[in-house]
Amino acid sequence: MPRLDLPALTGLLSADDIAVTAGSIASAQERSGAIPWFPGGHVDPWDHVECAMALSATGFTDEARHAYDYLRRTQRADGSWPAKVTAGVVVDDAAETNQCAYVAVGVWHHLLITGDDGFAWRMWSTVRRAIEFVVRRQTDRGEIGWLVGVDGSTTDDALLTGSSSTYQSMRCALALADWVGEPQPDWELAAGRLAHVVSEHPEAFLDKSRYSMDWYYPVLGGAVRGPAATERFAQQWDTFVVASLGARCVSDQPWVTGAETCELVLALDTIDDRERALSLLGDMQHLRERDGSYWTGWQFDERINWPDEHTTWTAAAVVLAVDALSRTSPGNGIFRADLLPAGVDLIPDPACGCRSTAGLSEHP
């Protein structure tokens, strides 16, 4: 059952609204604990964790714990999960590194909210194996190959969005490692290199600049903050933000999407841009259905919802955005990275070529 102190924003979404939205996520959960994109749809580990976080934030504690137990039971020996599972059947057995790392964010978030020591200890080995799997795919320069085949082969290609998300995951993993009393200095170095390459070396990544996620994720993941984040938003605001509708998924299509809009809201919250965050969150409510679920997106030239689906992870992004802006749950600062270790940046590095010797602060 949900808690009494549910996230809410006066005049935008009430506690009852959020309870219904969280219930739409819980209703999609399978008996195994897996949370698919929609009932009967496929499961990937990143969106599964995002949904579990929304459940934690709204008091569906048993359902959230069941979701994390699913990850603990299904983790492969190398620390990964398959990229796509439908009804318990592996459809794509490759592993995406940022998806595998995200369990660390979810586990730390759940611990912050519930204070459940037993849960954290039970999940620690799962998080440790997942992060080790990901760190093994890091280049000397710092970026992380995004795809690992079932044979262990890793692509040389790295994604800016994926590496940005992985940086947040590594910070949460470092916090959990400190909490259990098992510091991981190698992770600190890996996190520092990753943050540096995300913030300073766009050439390290495949060009996905048409995607809005590549615009805001370096901020959302925590590698870019302060004046650099403000400048980054200013550069492409008009490219990706559509007045009264939300944020585009890609710059060259007339299509706004709920999850990208809410992630942008969360990124704006990290730099205290509350006015625009609230405005955007209000703008995307045209995607809300009466049952509290959300359409994935809106094609505004054809004036149709597209695709024809209500995705759990879109609903989860709404819940997490409301929680962040309302400062409600004890985990509401997970994206602002309140008091998270930042890693250690040992520049100069021959693989990087930068001359700066400034290190990353522990509490940015």
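Values in this document were obtained by computation on a predicted structure and should not be read as measured data.

A. Just the nonpolar core, in detail. Ranked by internal contacts, the top residues of the largest apolar core, which has 115 residues, are M53, Y68, F233, L264 and L281. With eleven residues, the single largest contributor to this core is helix α13 (residues 312-326). Residue contacts for L264: discarding those within four places in its chain leaves W215, Y216, F233, W237, V241, A247 and L280.

B. Quick peek at the sheet that holds strand β1 (residues 42-43). Here we have three strands laid out as an open sheet, ordered β1-β2-β3, and antiparallel in their pairing. With one partner strand each, in any of the chains shown, β1 and β3 (89-92) form the two edges of the open sheet. Looking at chain direction, β1 and strand β2 (residues 84-86) are connected through two bridges and run antiparallel. Paired with V43 across the two strands is V85, which belongs to β2.

C. Looking closely at the sheet that holds strand β10 (residues 304-305). Read from one edge of the open sheet, three strands run β8-β9-β10, paired in antiparallel fashion. Looking at strand neighbours, the two that pair on one side only are β8 (255-257) and β10, the edges of this open sheet. The pairing of β8 with strand β9 (residues 297-299) spans three bridges and is antiparallel. Within β9, the residue paired with W255 across the bridge is Q299.

D. Up close: the layout of surface pockets. Estimated volume of the largest pocket: approximately 1,000 Å³. Along the wall of the largest pocket there are 35 residues; nearest its centre are D47, E96, N98, Q99 and M213. Of all elements in the fold, only α2 (45-57), α4 (97-101), α7 (160-180), α9 (212-220), β8, α11 (258-270) and α13 reach the threshold of two or more residues within the lining of the largest pocket. Grouping the constituent residues of the lining of the largest pocket by class yields 16 nonpolar, eight polar and eleven charged. Space inside the second largest pocket adds up to approximately 640 Å³. Forming the walls of the second largest pocket are 30 residues, and the residues nearest its centre are V198, S199, E200, V224 and R232. Broken down by secondary-structure element, the contributors of at least two residues to the lining of the second largest pocket are α7, α8 (185-200), α9 and α10 (227-240). Tallying contributions element by element places α10 first for the lining of the second largest pocket, with six residues. Grouping the amino acids of the lining of the second largest pocket by side-chain chemistry returns 16 nonpolar, seven polar and seven charged.

E. Just the pattern of salt bridges, in detail. This structure, assessed with the given rule, holds ten salt bridges. With its nearest N and O atoms 3.3 Å apart, the salt bridge here joins D69 to R72. Note that D69 and R72 are positioned in helix α3 (residues 61-74) at a spacing of three residues, about one turn of the helix. We classify D69 as buried; its relative accessible area is 15%. On the basis of relative accessibility, which here comes to 31%, the residue R72 falls in the partly exposed class.

F. Spatial organisation of the confidence of the model for the protein chain. A residue-level look at the protein chain finds 95% of positions with pLDDT of 70 or above and a mean pLDDT of 95. Element-level pLDDT for the protein chain is lowest in α8, with a mean of 97, against a maximum mean of 99 in α13. Ignoring residues within four places in sequence, the model shows residues 356-364, a span with pLDDT below 50, making 22 contacts including any to other chains.

G. Representation of unusual backbone geometry in the model. With an omega of -5 degrees, the peptide bond running from W306 to P307 counts as cis. Its identity as a non-glycine residue notwithstanding, R303 has a phi of 60 degrees, on the positive side. By secondary structure assignment, the location of R303 is in the loop between β9 and β10. R303 sits in the exposed class, given a relative accessible area of 61%.

Thresholds applied
Residues numbered from 1 in each chain as written. Predicted model: local features only at pLDDT ≥ 70, side-chain atom pairs only at ≥ 80, totals over all residues. Heavy atoms only, no water. Core = buried A, V, L, I, M, F, W, Y, C linked by side-chain atoms within 4.5 Å. Buried < 20%, exposed > 50% of the residue type's maximum accessible area, 1.4 Å probe, protein only. Helix = DSSP H or I, 4+ residues; strand = E, 2+ residues; numbered from the N terminus. Contact = heavy atoms within 4.5 Å. Pairing = 2+ DSSP bridges. 1 Å grid on protein atoms, 1.4 Å probe; cavity = no way out; pocket = protein on both sides within 12 Å on 5 of 7 lines; lining within 4 Å. Points joined across faces, edges and corners; volume = space filled by probe spheres on them. Nonpolar A, V, L, I, M, F, W, Y, C, P; charged D, E, K, R; others polar. Salt bridge = Lys/Arg side-chain N within 4 Å of Asp/Glu carboxyl O. pLDDT = per-residue confidence, 0-100.

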